[in-house]
Amino acid sequence: MRKGTAVLTVATVVALVALSQQAQKRTAELPDLHGMTLREAQTAAWKAGFNRLASEDAHYSNRIPLRGSNWKVCSQQPPPARLPLTTSVTLYVVKKGETC
């Protein structure tokens, strides 16, 4: 490898690491999503800047929450707080009319 190419490669790696660390430092307030429909909760989380979202059936009966308007949020992980935007958020949901 030539000296110029090696320097450019190292500079690129250093820049990418710096950008990654900067992205991890960006934070936002994750709102309390409890009681919202799944669709409302996802929208609120996205508007706050979180895009790593998952949903799971809180009754653990292997149902897959597809229509967001038919499910309500019982709990969330992590709880409401100021968090890095790279945080994964899981919403635990039940069908509307069911108890948490």
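A.B. asks: I'd like a rundown of the nonpolar core, residues and numbers included.
C.D. replies: What tends to happen in soluble globular proteins is that the nonpolar side chains get buried as a cluster. Formed by 14 residues in total, the largest nonpolar core has its most connected members in Leu 30, Leu 33, Phe 50, Leu 91 and Val 93. Looking at this core, the elements with two or more residues in it are β1 (27–30), α2 (38–48), β3 (71–77) and β5 (88–95).

A.B. asks: Which residues make up the side chain of Gln 76, and what are the values?
C.D. replies: Assignment of secondary structure puts Gln 76 in strand β3. Owing to a relative accessible area of 10%, Gln 76 belongs among the buried residues under this scheme. There is a polar contact of 3.1 Å between the side chain of Gln 76 and the backbone oxygen of Pro 31. Among the polar contacts listed, one links the side chain of Gln 76 to the backbone nitrogen of Leu 33, at a separation of 2.7 Å.

A.B. asks: So what's going on with the environment of Arg 26? Which residues, and what values?
C.D. replies: Position of Arg 26 relative to the elements: it lies in the loop between α1 (3–25) and β1. A C-alpha to C-alpha distance of 5.6 Å links Arg 26 and Pro 84, two positions 58 residues apart in sequence. Contact partners of Arg 26, with chain neighbours within four places excluded, come to Leu 83, Pro 84 and Leu 85.

A.B. asks: Describe unusual backbone geometry, naming the residues involved and giving the relevant values.
C.D. replies: For the bond running from Gln 77 to Pro 78, omega is 0 degrees, close enough to zero to count as cis. Mapped onto the fold, Pro 78 is located in the loop between β3 and β4 (81–84).

A.B. asks: Talk me through the pattern of salt bridges; I want residue IDs and the actual numbers.
C.D. replies: Considering all chains together, one arrives at 2 salt bridges under this definition. When the shortest N-O distance is used, the salt bridge between Arg 63 and Asp 57 registers 2.7 Å. Classification of Arg 63 by relative accessible area gives partly exposed; the value is 26%. Judged by relative accessible area, Asp 57 falls into the buried class, the value being 5%. Here Arg 63 and Glu 98 are joined by a salt bridge, their closest N and O atoms 2.9 Å apart. One end of the pair, Arg 63, is in the loop between β2 (52–57) and β3; the other, Glu 98, is in the segment after β5, with 35 residues separating them in the sequence. Exposure remark for Glu 98: the relative accessible area of 23% places this residue in the partly exposed category.

A.B. asks: Mind laying out the sheet that holds β5, listing which residues take part and the relevant values?
C.D. replies: Across the sheet, 3 strands lie side by side as β2-β5-β3; this open sheet has mixed pairing. At either margin of the open sheet sits one strand with a lone partner, and together these are β2 and β3. The mean inter-strand angle of the sheet, taken between neighbouring strand axes irrespective of direction, is 35 degrees.

The rules behind the values
Residues numbered from 1 in each chain as written. Predicted model: local features only at pLDDT ≥ 70, side-chain atom pairs only at ≥ 80, totals over all residues. Heavy atoms only, no water. Core = buried A, V, L, I, M, F, W, Y, C linked by side-chain atoms within 4.5 Å. Buried < 20%, exposed > 50% of the residue type's maximum accessible area, 1.4 Å probe, protein only. Helix = DSSP H or I, 4+ residues; strand = E, 2+ residues; numbered from the N terminus. Polar contact = N/O pair within 3.5 Å; in protein donor to acceptor, adjacent residues only side chain to side chain. Contact = heavy atoms within 4.5 Å. Salt bridge = Lys/Arg side-chain N within 4 Å of Asp/Glu carboxyl O. Pairing = 2+ DSSP bridges. Axes fitted to C-alpha atoms, helices over the stretch in contact; angles between N-to-C directions.

From the geometry alone we can't say anything about function, so treat these as descriptive.
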